[in-house]
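What follows is each chain in one-letter form.
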Amino acid sequence: MALFSVFQTTFLLALLSLRTYQSEVLSEPLPWAPESLKVFINSTHQCLHLQWSVHNLAHHQELKMVFQIEISRIKTSNVIWVENYSTTVKWNQVLHWSWESKLPLECAKHFIRMRSAEDDAKTPEQSFWSNWSSWEEVDVQNSLGHDPLFVFPKDKLVEEGSNVTICYVSRSPQSNISCYLEGVQMQGEQLEPNVTVFNLNHVAFIRETGTNIYCKGDQGDSIKGIVLFVSKVLEEPKEFSCETQDLTTLNCTWDPGSDTGLLKQLSQSYTLFESFSGKKTLCKHKSWCSWEVAPESQEMYNFTLTAENYLRKRSVHLLFNLTHRVHPMAPFSVLFTDVSTTNATMTWKVHSTGNYYTLLCQVKLYGEGEVTQHNVSVEVDGEQLFSGLEPDTEYRAQVRCANANHFWKWSEWTHQNFTTAEAAPSEAPDVWRNVKSVQGHSVVTLFWKPLSKLQANGKILFYNIVIENLDRSSSSKFLSIPAPANGTELNLDQCSYQIHVTAHNSVGTSPASVIIVSGDPGNKEVEEERVKGTEDGFSLSWKPQPGNVTGYIVEWCDRPRGPLCDLQWKSVGPTTTSTVVSSDAFRPGVQYNFRIYGISTERVPYLLEKKTGYSQELAPSDNPQVVMSNLTSRSFTLSWKDYSIESQPSFIQGYHVYLKSKAGQCHSGSEKAVLSDDAVCCKYKIDNPKQKTFVVENLQPESFYEFLVTPYSSVGEGPHGAFTKVTTPDEYSPILIRVILPMVFCILLIMIICYLKSQWMKEKCYPDIPDPYKSSVLSLIKSKENPRLTIMNIKDCVPDSIEVLNKQEGTRKSLTETESSKPTYLYLLPTEESYSGPGPCICFENFTYNQAASDSASCGHVPVAPKAPPSQLALLTSPENLLKALEENYMNSLGEIPAGETSLNYVSQLASAMTGDKFSLPTNPPEPALCSEYKMQMAIPLGLASPPSSGSSSLSSFTLLDEGEHYH
Amino acid sequence: MDLRAGDSWGMLACLCTVLWHLPAVPALNRTGDPGPGPSIQKTYDLTRYLEHQLRSLAGTYLNYLGPPFNEPDFNPPRLGAETLPRATVNLDVWRSLNDKLRLTQNYEAYSHLLCYLRGLNRQAATAELRRSLAHFCTSLQGLLGSIAGVMAALGYPLPQPLPGTEPTWAPGPAHSDFLQKMDDFWLLKELQTWLWRSAKDFNRLKKKMQPPAAAVTLHLEARGF
């Protein structure tokens, strides 16, 4: 064990001594140490260039060496960079090495040293380094000058996204320096007492004129700045290509990509280099460059296009054979010869590209929507024949060429137009007619459709019309209508005519179109049938005709509502019994009428069917103008006679009558409906569109109603516009009016009659009061010489009797009936037996014309109502005795006469005298009229008076007439 | 300094004012010989018009340079622009200037400024900016001709440029881009100050050249007879 320990110690000592020896050997300077180290500064690129040499190398000796370079900043101990630079060193060679500093060199001192070793690739770790060279100091700040402030780097150009370090160097440490990037203050890191560093990461492009960074002291006396130009990354040129048109110049083009965003002087340049010839050219443009082909026949070219700016270099390569990149120039001198109606020959020339090149030319012909293509092989001149062309048609021919042997690109097209010659029209014009009978004549309007371009074969100049009378074959008429007319009007008689229409151009005549206009229009009544249209048109079909027909014609108007209906027609063959009529003029909501004619073998058209329809039905747009009539308290009538169902935007199927009422009850025949405004009303439905009256019944008198009449069709009903308001009248007002009006009329009539007959009325009702002294009776009496006869004085008037008439209750007794009644007479004066002396007869004066009589109170006859109480009668008599007697008798008779039914009859003497018998008086009343005729009253001598018919009767009696009678 | 983007309405109003005054200018001179009065008035009007035109141009150009040059309160020390003619002058000195010296200083200043401005135009990157600068240069050339006309009317000779002292706007290799921008800024600022000063100069000259009111009255009376 001890032996093992001694052996181990000995081994360790031996190893230690070996290492010591080895280090002594390595510390010896190598014969190839770097010498003459010089450092150069490039402030613009922030680079340090090192230059040194290696001595002691044998002549022609080459030694592979590695140089270790160490760079420190601020102080030697602060090593920031160590790099091994390997190279092969020759005798007397000066070596170079560069290092770019991220920090501007002006911002801090730098120290550089290096050492060398032989570069042994097998055992690189066991290289034996030379001694370090001495530190080389790089201090740019010493040469800056005496300005108080500096900012570095100066106007640097970087790519977008780079990291940039900026610093400022201040000569006055007391001053407080602020730095700004685009106006925004930056926060820096102090590197030295007078140096501050700012790190900008991922700088972005802002503008062409660069990003402004500046620093200024707090005194404001110093401001320094830099412009940082930020470039967008230079792109590699794309689509680099070269070609030639004439084999003398190559034109190379490329896509430079997006702009770098730098000022023109900082922008990239493009260089073209051809490796076979070794030529190089600087391109003046950013996207293309010209290259002169060498006069010697160089076929192969190897181009390198280099895009380069201060920061980056991009290259693309292109290798090609010149003859494979021929892009011929466009053909020229394109001409057309021998142009006929259907054929033409085209010739052209091509630019020469060498005698041994053949070109392939492509010819295209455009005409009437068709394109034909031909390929022609051409050396100098090209030629192509076109056949099967249409007459009078403009064609467009174009030609281009390419290298036939090595196709590269087609040349540009060369265009030329030509027009074929005209030919006679190939088709007869499509003719139709419209016949109207006016005052025994037929007004025939001929229409024809212009021939299509293919049919016309040229410009149509005029149309010839030959009218041949079929009834009188010798008579025919000729018309020539200049184009572009498409119709004419003919005035014909009732004969049948055959009309030929031909179209003419400058070359010839078209076949004739023949139509027969019959003297008998033969427009039989045909029932109209409804058809449903679609957006594509109207699909019409008709029954096939049993006889021979040469075809059918469908006729319609494009503008049925316009003044000119714009007649259209469509001809179909005899085997066709259906067609679809479409027109751009068809509009929704317009009714179109179609008439289908059959054309007989004699070319006579006759009407077969009528159809009508809408391309699209629309809801009615207007409501009818409704007139209300026969308004009663229970009903009214609505009518809309003027509403035309033909001019509506759809087929009217009927009407809806809406009735709003406060009651909201709907009677039979109507249903409740809710309008769009949530109003509830009654809806009456009229299914017949021709029914244009409606009676609204079951209404309430003196009620408010609103009604609306709107048409409806299969697509809806008319607008729910304004309702018409109506209020039903009072139920009794009409009756009252019926009664009151005639009454008023009658009263007026009576008044008028009374006015007109006033004199007569006065005479009848208000006769002049006769003056007893002027009475003719007096003269008559006087003539009889009766000296005692005199006019009775009112003072002497003593009533002799009062006649009281009884009347049965409930019955009005006529004057004739009074005869049967037995009036009770009150004899106020003594009868003949008791009457001792002669006394005058009593008479009454009429109060109506002698008021003084009542005032005298001696012989008062107060006009009292017959129903006056009997007690009042006592006042009528003034003499006391009379009063008493009257009271007695009256009271006696009162028990026999029921109250209220008593009347007094005053019987005048004259009446008594005239009748001669007091009992006969009621039988012959003075007048049963409204007013009684006045009877003259006078005192008549007793002798002249008629004797009483009975002993109990007095000489004269007074009758108080019944209430119904007038008294005077 | 009030170098801001001028509004086009202001320029239009000023142009209208110039046009309005043009027909009225002959009325200033009621004698047969127009004298320098109308020319001075025209020159004055032109300086006002150019002043408004420059506001718009300076706004566009300083935005083109970027901040801090387009910031309203940017007022750097006048570095590197020593060759530019200074418009600022002591007030007493300005008052004591005679007409000839006043006009000569104006003429020389605008001759230099025009030359610098043309150099600015050559450097401008955008076509629109070049158009605006060219238009302003034409107007400034007109002002220079107008001043020359006034000097000729007053019998003053035009200052002759010394040979070899043609102002150039070609910065040396040490001239950084930031200093170049600073020079552009100072050129526009000095130009505006000169236009302000010229307006005062020509206004002073105008007042000086106007005949006394009494003389005009007498003259009118004489014409009335």
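Here goes a summary of the coordinates provided.

Conventions we followed
Residues numbered from 1 in each chain as written. Chains lettered and ligands numbered in written order. Predicted model: local features only at pLDDT ≥ 70, side-chain atom pairs only at ≥ 80, totals over all residues. Heavy atoms only, no water. Helix = DSSP H or I, 4+ residues; strand = E, 2+ residues; numbered from the N terminus. Buried < 20%, exposed > 50% of the residue type's maximum accessible area, 1.4 Å probe, protein only. Contact = heavy atoms within 4.5 Å. Areas by Shrake-Rupley, 256 points an atom, 1.4 Å probe, with all protein chains shown as cover. Disulfide = S-S within 2.5 Å. Pairing = 2+ DSSP bridges. Salt bridge = Lys/Arg side-chain N within 4 Å of Asp/Glu carboxyl O. Axes fitted to C-alpha atoms, helices over the stretch in contact; angles between N-to-C directions. Core = buried A, V, L, I, M, F, W, Y, C linked by side-chain atoms within 4.5 Å. Buried area = accessible area lost by both parts, 1.4 Å probe. Polar contact = N/O pair within 3.5 Å; in protein donor to acceptor, adjacent residues only side chain to side chain. Nonpolar A, V, L, I, M, F, W, Y, C, P; charged D, E, K, R; others polar. Parallel < 35°, antiparallel > 145°, perpendicular 65-115°, else oblique. Left-handed = near helix turned anticlockwise from the far one by under 90°.

A separate point is the overall build of chain A. Assigned secondary structure in chain A consists of nine helices and 56 strands. Scored against the burial criterion, the 968 residues of chain A give a buried share of 41%. Sequence-distant contacts in chain A: of pairs separated by 6 or more residues, those separated by 24 or more amount to 66%. Of the roughly 54500 Å² of accessible surface on chain A, a fraction of 52% belongs to carbon and sulfur atoms.

Our next topic: the overall build of chain B. A tally of helices and strands in chain B yields seven helices and zero strands. Secondary structure elements of chain B, listed N to C terminal, follow the sequence α-α-α-α-α-α-α. Split into buried and exposed, the 225 residues of chain B put 45% on the buried side. Sequence separation of 24 or more characterises 86% of the internal contacts of chain B that already satisfy a separation of 6 or more. Of the roughly 11700 Å² of accessible surface on chain B, a fraction of 59% belongs to carbon and sulfur atoms.

Bringing the state of the cysteines into the picture now. As used here, a disulfide is simply a covalent bond connecting the sulfur atoms of two cysteines. Residues and elements named next belong to chain A. In total, this model carries seven disulfides over all chains according to the counting rule given. Here C666 is linked by a disulfide to C682, with a sulfur-sulfur distance of 2.0 Å. Measuring handedness by torsion sign, the sulfur bridge of C666 and C682 sits at about -95° and is left-handed. Residue C666 is found in the loop between β47 (652-661) and β48 (670-674), and its partner C682 is found in strand β49 (residues 680-686); the two are separated by 16 residues along the sequence. What makes C682 buried here is its relative accessible area of 4%.

Residue and element names in this part refer to chain A. Where burial is concerned, the two faces of strand β50 (residues 693-696) differ: the one with F694 and V696 is buried and the one with T693 and V695 is not. When strand β46 (residues 636-639) meets β50, the two strands line up antiparallel, connected through four bridges. If you follow T637 over to β50, its bridge partner there is V695.

Here we take up the pattern of salt bridges. Side chains carrying opposite charge are able to pair once their charged atoms draw close together. Residues and elements named next belong to chain A. In total, this model carries 22 salt bridges over all chains according to the counting rule given. When the shortest N-O distance is used, the salt bridge between D566 and R559 registers 2.4 Å. The network of salt bridges with shared partners includes E529, E609 and K611.

This part covers the sheet that holds strand β10 (residues 164-170) of chain A. All names here are of chain A. Reading across from one edge, β8-β10-β14-β13 is the order of the four strands in this open sheet, with antiparallel pairing throughout. In this open sheet, the two edge strands, each paired with only one partner strand, are β8 (149-152) and β13 (189-192). Here the average twist between neighbouring strands, direction ignored, is 25°. With three bridges connecting them, β13 and strand β14 (residues 195-200) associate as antiparallel partners. Its bridge partner being in β14, E189 is matched across the sheet by V197.

Further remarks concern the nonpolar core. Generally speaking, a soluble globular protein has its nonpolar side chains buried in company with each other. Grouped together as the largest cluster of nonpolar side chains are 56 residues, with contacts concentrated most on Y110, L117, F136 and L140 of chain B. At the level of elements, β16 (223-231) of chain A together with α2 (37-65), α4 (99-123), α5 (127-153) and α6 (177-209) of chain B are the ones that each hand at least two residues to this core. For this core, the leading source of residues is α6 of chain B, giving twelve residues. The residues touching L117 of chain B, leaving out its near neighbours within four places in the chain, are L133, F136, C137, L140, L187, L188 and L191 of chain B. Counting residues in each nonpolar core, the second largest holds 29 residues, with V444, I465, Y597 and I599 of chain A among its members.

Here we come to the sheet that holds β16 of chain A. The strands making up a sheet associate through hydrogen bonds between their backbones, and the pairing can be parallel or antiparallel. Residues and elements named next belong to chain A. With respect to topology, five strands assemble into an open sheet ordered β9-β16-β15-β11-β12, the strand pairing being mixed. The outermost strands of the open sheet, each flanked by one partner alone, are β9 (157-159) and β12 (184-185). Note: strand β11 (residues 177-181) against strand β15 (residues 211-217), five bridges, orientation antiparallel. In the strand pairing of β15, I177 is matched with G217.

What follows concerns the interface of chain B and chain A. Taken together, the contact between chain B and chain A spans 18 residues of the former and 20 residues of the latter. Carbon and sulfur atoms make up 61% of the surface buried where chain B meets chain A, a total of about 1400 Å² over both sides. If you look at where chain B meets chain A, you find zero salt bridges. Connecting chain B to chain A are five residue pairs in polar contact (both at pLDDT 80 or more). At the level of secondary structure, the elements contributing two or more residues to the side of chain B that touches chain A comprise α2 and α6 of chain B. No other element matches α6 of chain B, which puts four residues into the side of chain B that touches chain A. By residue class, the composition of the side of chain B that touches chain A is twelve nonpolar, three polar and three charged.

Before going further, it helps to examine the packing of α4 of chain B against α5 of chain B. All names here are of chain B. At a closest axis distance of 10 Å, the pairing of α4 and α5 adopts a crossing angle of 160°. By the angle between their axes, α4 is roughly antiparallel relative to α5. Here the hand of the crossing between α4 and α5 comes out left-handed. The residue inventory of the contact of α4 with α5, partitioned by class, reads 18 nonpolar, five polar and two charged.

Here we come to the packing of α4 of chain B against α6 of chain B. A pair of packed helices can be characterised by two numbers: the angle between their axes and the separation between those axes. Residues and elements named next belong to chain B. Viewed as axis vectors pointing N to C, α4 and α6 meet at an angle of 150°, and their least axial separation amounts to 10 Å. What the angle tells us is that α4 and α6 run roughly antiparallel. Read as a crossing pair, α4 and α6 show a hand that is left-handed. For the contact of α4 with α6, the per-class residue count stands at 15 nonpolar, five polar and seven charged.

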